[in-house]
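Residues per chain are reported as follows:
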Amino acid sequence: MALLPILRYPDPRLRKRAAKVDGVSDRIRKLIKDMADTMYAAPGVGLAATQVDVHLRIIVIDVSEARDQLRVFVNPELLAASGEADIEEGCLSVPGIYEKVRRPGRVTVRALDAAGEPFTLDVEGLLAVCIQHEMDHLEGTVFVEKLSRLKQSRILARLRKQDRRTVEPEARRLVL
Ligand code: NI
């Protein structure tokens, strides 16, 4: 089991746009395994490759209570988005910060799974929010950048203060 270091906002590497994965090779499968191990250990509900400084379009998510339903999205594409969600989000790259983000509440996403097989998923609520949060990472966007400028500057000030202590992700919150 390999745990990968997670980049912390505002690290400029979080702004990189991830490249498309060119087939699910053994190397990609190893990366997926390491990303899942890292997400579960954090603990978090989702992780994008961008957060571990690998700029490839790969996401892992597990929103299950028992933490035994890993979902892998390679080269995810949004085919449709509708409705509205207003769910409080956290992020493994922004420890200790939780804010509501307004997003579509229902999405249809197409991706490859860990075996390289294509699938299409139509989801709403929590999982729809997670997928969008992680897909934003692949575009180089951290969720706090979707908030007002005032909120962003308050968050940056708070992060600077807490820099030297470790803030543990809260198990009962949506940390992505
Ligand atoms: Ni995140």
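Whatever comes next refers back to the structure up there.
Residues numbered from 1 in each chain as written. Predicted model: local features only at pLDDT ≥ 70, side-chain atom pairs only at ≥ 80, totals over all residues. Heavy atoms only, no water.

Engineer: Pulling in residues and values, what's your account of the coordination of the nickel ion?
Structural biologist: Ideal coordination angles are 109.5 degrees for a metal with four donors arranged tetrahedrally and 90 or 180 degrees for a metal with six donors arranged octahedrally. Around the nickel ion, the donor atoms from the protein are Cys 91 (SG), His 133 (NE2), His 137 (NE2) and Leu 176 (O), and they sit 1.9 to 2.2 Å away. Its 4 donor atoms give the nickel ion angles of 91 to 124 degrees at the centre, a pattern that matches the tetrahedral case. All donor residues of the nickel ion come from one chain, and their arrangement in sequence is C-x41-H-x3-H-x38-L. Within this pair, whereas Cys 91 is found in strand S4 (residues 85-91), its partner His 137 is found in helix H2 (residues 126-138), the two being separated by 46 residues in sequence. Neither Cys 91 nor His 137 differs from the other in exposure class; each is buried. (Donors = N, O, S within 2.8 Å, 3.2 Å for Na, K, Ca; no water. Tetrahedral: all angles 85-135°; square planar, octahedral: opposite > 155°, others 65-115°. Helix = DSSP H or I, 4+ residues; strand = E, 2+ residues; numbered from the N terminus. Buried < 20%, exposed > 50% of the residue type's maximum accessible area, 1.4 Å probe, protein only.)

Engineer: Hey, could you go over the sheet that holds strand S2 (residues 58-61) for me, with residue numbers and the actual values?
Structural biologist: Spatial strand order, S1-S2-S3-S6-S7: 5 strands in an open sheet with antiparallel pairing. With one partner strand each, in any of the chains shown, strand S1 (46-48) and strand S7 (118-124) form the two edges of the open sheet. Here the strands of the sheet are splayed against their neighbours by 40 degrees on average, with no regard to which way each runs. Here strand S6 (residues 106-112) pairs with S7 via 7 bridges, running antiparallel. Within S7, the residue paired with Thr 108 across the bridge is Asp 122. Against the sheet, H2 touches S1, S2, strand S3 (71-82), S6 and S7, its axis set at about 150 degrees to S2. (Pairing = 2+ DSSP bridges. Axes fitted to C-alpha atoms, helices over the stretch in contact; angles between N-to-C directions. Contact = heavy atoms within 4.5 Å.)

Engineer: If you had to explain the pattern of salt bridges to someone new, which residues and values would you point to?
Structural biologist: Going through the model one piece at a time under the given rule, you end up with 17 salt bridges. Residue Glu 139 is joined to Arg 17 by a salt bridge in which the shortest nitrogen-to-oxygen separation is 2.7 Å. Taken together, the residues span a long stretch of sequence, with Glu 139 in the loop between H2 and helix H3 (149-162) and Arg 17 in the segment before helix H1 (26-41) at a distance of 122 residues. By relative accessible area, which is 58% here, Arg 17 ends up exposed. Linking Arg 103 and Asp 136 is a salt bridge whose minimum nitrogen-to-oxygen distance equals 2.9 Å. Highlighted residues: Arg 103 in strand S5 (residues 94-103) and Asp 136 in helix H2, separated in sequence by 33 residues. Given the relative accessible area of 15%, Asp 136 is considered buried. (Salt bridge = Lys/Arg side-chain N within 4 Å of Asp/Glu carboxyl O.)

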